[in-house]
Amino acid sequence: MLAGLALAANRSVPLDRLAAMVWADVPPPSATANLRSHAAALRRLLGDRLVTRPNAYELRTQPDELDVTEFHRLAENGRMALVRGHALDAVPALDAALALWRGSAGEGLPAGTTLDNRWATLEEQRLQVFEVLTDARLAVGRHAELLPGLREHLAAHPLRERSWGQLMLALYRCGEVPAALAAYRDVRARLDQHLGIEPGEELAALHRAILERAPDVSYTRPPPVIAVSPPSTSDPAPAAETGRMVPRELPPDLVTFVGRTREAGEVSAAATGRAPAVVVVTGPPGSGKTGLAVRAARAVAGDFPDGQIFVDVAYRASVTPAELLARVLRALGVAPADMPDSADERAGRLRSLTAGRRLLLVLDGVTSASQVRPLLPASPGPALIAVARRSLGNLDGVRRVALSPLAEPGARELLAALAGAERLAADPGATAELIGLCAGSVLALRVAGSRLATWPGMSVAALVGELTAGGSKLDLLSYDDLSVRASLAAAVAVVASEDEVAGRLFELLAACPEAPAAMDRAAAELGESTERIRRAMEGLVDAHLVARDSSARYRLPALVRDYAAELSTAPPEPPSRLVRGNPFLTLLARSG
């Protein structure tokens, strides 16, 4: 009874649950009376620590009084030290955790009660801590002293592959290559005999690395720690813990950032607000989402002294969450050799490394919530800004800042910052027409302004004349690495790759870009139900490739309409075999 109460310390345990902990079979009719007698005897020893509740008892303990609680605390301290790269600090904590054990969990108590699962869980946790301690000792070069304990451990638990791998590694690093290979043969035979399986990929990969004498399985002594002078007061705030890597990865701020003051303030407030400090910046292709996110991130960088990480996904749907997690972990100093294999383990490592730290992560160009979800902060401290064309509506509890086309005053200010206010003032009519042709797209305005800045002799009216001369407007809205066509092509390609019906629907809209879309006609054309067409259309709306007007009709926005017109006239057989049959990729290839 005392064991059951201790395992639920500081929580009430109902009498029926206590009875199941005490008796292996069906409790006797006198179970409640017996428990009350036991409680009276315990209270004579424990005093007011044993509290009577309605049909329940509660044992009150302090955090450092119970061996199970202390074991978990020390083990977690050791794990965290090892995760942070402080193996020397991890060893004493993990040693102390294991030193609390005096035999098996629940030793001497009756078997067959509901406490059996708790004893089994504690035993598994003890084995895991032993293996974490072994990893820490391997990390500090204590290979030889590990061998006796590892062999004893494996004699009692011969099917633990992680421990076999540690034995192989310790033997190899002691120069016992034949013994390391023999250990692999031994575990392979045992697994086959007892379970009928082969060793897992991790153990097989270690075996191959030992056969090849790969450098990453040899021990490399860490470099000595060199003391450095403390930073001056003008330097960015250092990390709270010595030895942490402090990334400073934010791109430079745009000098010509104009407008969007309200939106930038909303992003900054969300990133520094109460947890979860997550904000998604969304908007049409070319609406200036990245520039806004960088401006907001730089404005609050001082609130994140533990670093700022910037990852450009570049709207590639093929980028997996595991790849993004690895990229962020590398920025935090996790060496490739220490990188966990699975996405789940990497997410856990990231949560451990960032818990309580003031760290800002900016993900630019994400295509789906699945790319963002494993990187969401799990505790107060870190913050995340995600830039996406879609709203990522299935991310729970995040702030969303949606960008609309840049209004006329902001568009004029941006053009003036790039090309000079005097040139715009010289021809206000042409300036208004140019702003209309750019349709509020920050990217289009930047291209137009850059063209004017490059050719000082070109008037605004001359540029408007070229844009409206009958050729492709999108050819002129491209300058070096800035391209409205490429931005739209990438957006359409992502949508088409994720939803085949949405891709076909956009192709149908491209064939008649001036006409509003009708659900029934689109369903008949594509051979799909009206409801399926509606879902696909809403997906295009979410991607800002289609707009819904006041009469609930769907239309293509101005620049998207120009791009769709190009799609409708794309050659049926493009020269590249990679893009054959896909007009979206055809135009993407043409845009460079």
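Keep in mind that this is a model prediction, so the values were computed, not measured.

Scoring rules and cut-offs
- Residues numbered from 1 in each chain as written.
- Predicted model: local features only at pLDDT ≥ 70, side-chain atom pairs only at ≥ 80, totals over all residues.
- Heavy atoms only, no water.
- Helix = DSSP H or I, 4+ residues; strand = E, 2+ residues; numbered from the N terminus.
- Buried < 20%, exposed > 50% of the residue type's maximum accessible area, 1.4 Å probe, protein only.
- Contact = heavy atoms within 4.5 Å.
- Areas by Shrake-Rupley, 256 points an atom, 1.4 Å probe, with all protein chains shown as cover.
- Axes fitted to C-alpha atoms, helices over the stretch in contact; angles between N-to-C directions.
- Parallel < 35°, antiparallel > 145°, perpendicular 65-115°, else oblique.
- Left-handed = near helix turned anticlockwise from the far one by under 90°.
- Nonpolar A, V, L, I, M, F, W, Y, C, P; charged D, E, K, R; others polar.
- Pairing = 2+ DSSP bridges.
- Expected span 1.5 Å × (residues − 1).
- Phe/Tyr/Trp six-rings, centres within 6.5 Å; stacked < 30°, edge-to-face > 60°.
- Lys NZ or Arg CZ within 6 Å of the ring centre and 35° of its normal.

### Some remarks on the overall build of the protein
A tally of helices and strands in the protein yields 27 helices and 12 strands. Every one of the 592 residues in the protein was classed for burial, and the buried ones make up 46%. Partitioning the contacts of the protein with sequence separation of at least 6, the portion at a separation of at least 24 is 67%. For the protein, the computed accessible surface area is about 29100 Å², with 54% contributed by carbon and sulfur atoms.

### Some remarks on the packing of helix α5 (residues 87-99) against helix α6 (residues 116-139)
It is at 9 Å that the axes of α5 and α6 come closest, and there the two elements cross at 150 degrees. When the interaxial angle is binned, α5 and α6 end up roughly antiparallel. The handedness of the crossing between α5 and α6 is left-handed. Residues Ala87, Ala90, Val91, Leu94, Asp95, Ala97 and Leu98 of α5 form the contact with α6, whose own contacting residues are Arg126, Val129, Phe130, Val132, Leu133, Ala136, Arg137 and Ala139. Residues that form the contact of α5 with α6 fall into these classes: 12 nonpolar, no polar and three charged.

### Thoughts on unusual backbone geometry
Non-glycine residue Asn55 carries a positive phi angle of around 55 degrees. Note on placement: Asn55 falls in the loop between β2 (50-53) and β3 (56-59). One non-glycine residue, Ala314, adopts positive backbone phi at about 60 degrees. Take Ala314: it is sitting in the loop between β5 (308-312) and α13 (321-331).

### Digging into the sheet that holds β5
The five strands lie next to each other as β5-β6-β7-β4-β8, forming an open sheet whose pairing is parallel. Sheet topology places β5 and β8 (399-402) at the edges, where each strand pairs with a single neighbour. With strand direction ignored, the average angle separating the axes of adjacent strands in the sheet is 15 degrees. In terms of strand pairing, strand β4 (residues 278-282) meets strand β7 (residues 383-388) through five bridges, oriented parallel. Looking at the pairing, Val281 lines up with Val387 of β7.

### Description of helix α8 (residues 161-173)
The terminal C-alpha atoms of α8, which comprises 13 residues, lie 18 Å apart, in line with the 18 Å expected from a rise of 1.5 Å per residue. Of all 13 residues in α8, 10 are buried, a share of seventy percent or more. In this fold, the buried residues of α8 make contact with α6, α7 (143-156), α9 (177-194) and α10 (201-211). Immediately beyond the C-terminal end of α8, within one or two residues, lies Gly175, with a positive phi of roughly 85 degrees.

### Side note on the packing of aromatic side chains
All told, the structure shown has two aromatic pairs when counted by the stated rule. Measuring from ring centre to ring centre gives 5.6 Å for Phe71 and Trp101, while their planes differ by 80 degrees; the resulting arrangement is edge-to-face. Taken together, the positions of Phe71 in helix α4 (residues 67-83) and Trp101 in the loop between α5 and α6 put the pair 30 residues apart, joining distant regions of the chain. Residue Phe71 shares its accessibility class with Trp101, and that shared class is buried. Ring geometry for Trp455 against Tyr479: centres 6.3 Å apart, planes inclined by 75 degrees, an arrangement best described as edge-to-face. You can see Trp455 sitting in the loop between α19 (442-454) and α20 (460-467) and its partner Tyr479 sitting in strand β9 (residues 478-479), a full 24 residues away along the chain. Judged by relative accessible area, Trp455 falls into the partly exposed class, the value being 38%. A cation over an aromatic ring shows up here: Arg126 above the ring of Trp101, its NZ or CZ 5.3 Å from the ring centre. In this arrangement the basic side chain of Arg389 is found over the ring face of Tyr315, its NZ or CZ atom lying 3.6 Å from the centre.

### Considerations on the environment of Met537
Structurally, Met537 can be placed in helix α25 (residues 530-542). On the basis of relative accessible area, Met537 is assigned to the buried category, the value being 0%. Sequence separation of Met537 and Gly503 is 34 residues, and the distance between their C-alpha atoms is 9.9 Å.

### Details of the environment of Leu526
If you trace the backbone, Leu526 turns up in helix α24 (residues 519-526). It is 7.6 Å that separates the C-alpha atoms of Leu526 and Leu505, two residues lying 21 residues apart in sequence. Setting aside chain neighbours within four positions, we find Leu526 in contact with Val501, Arg504, Leu505, Leu508 and Ile533.

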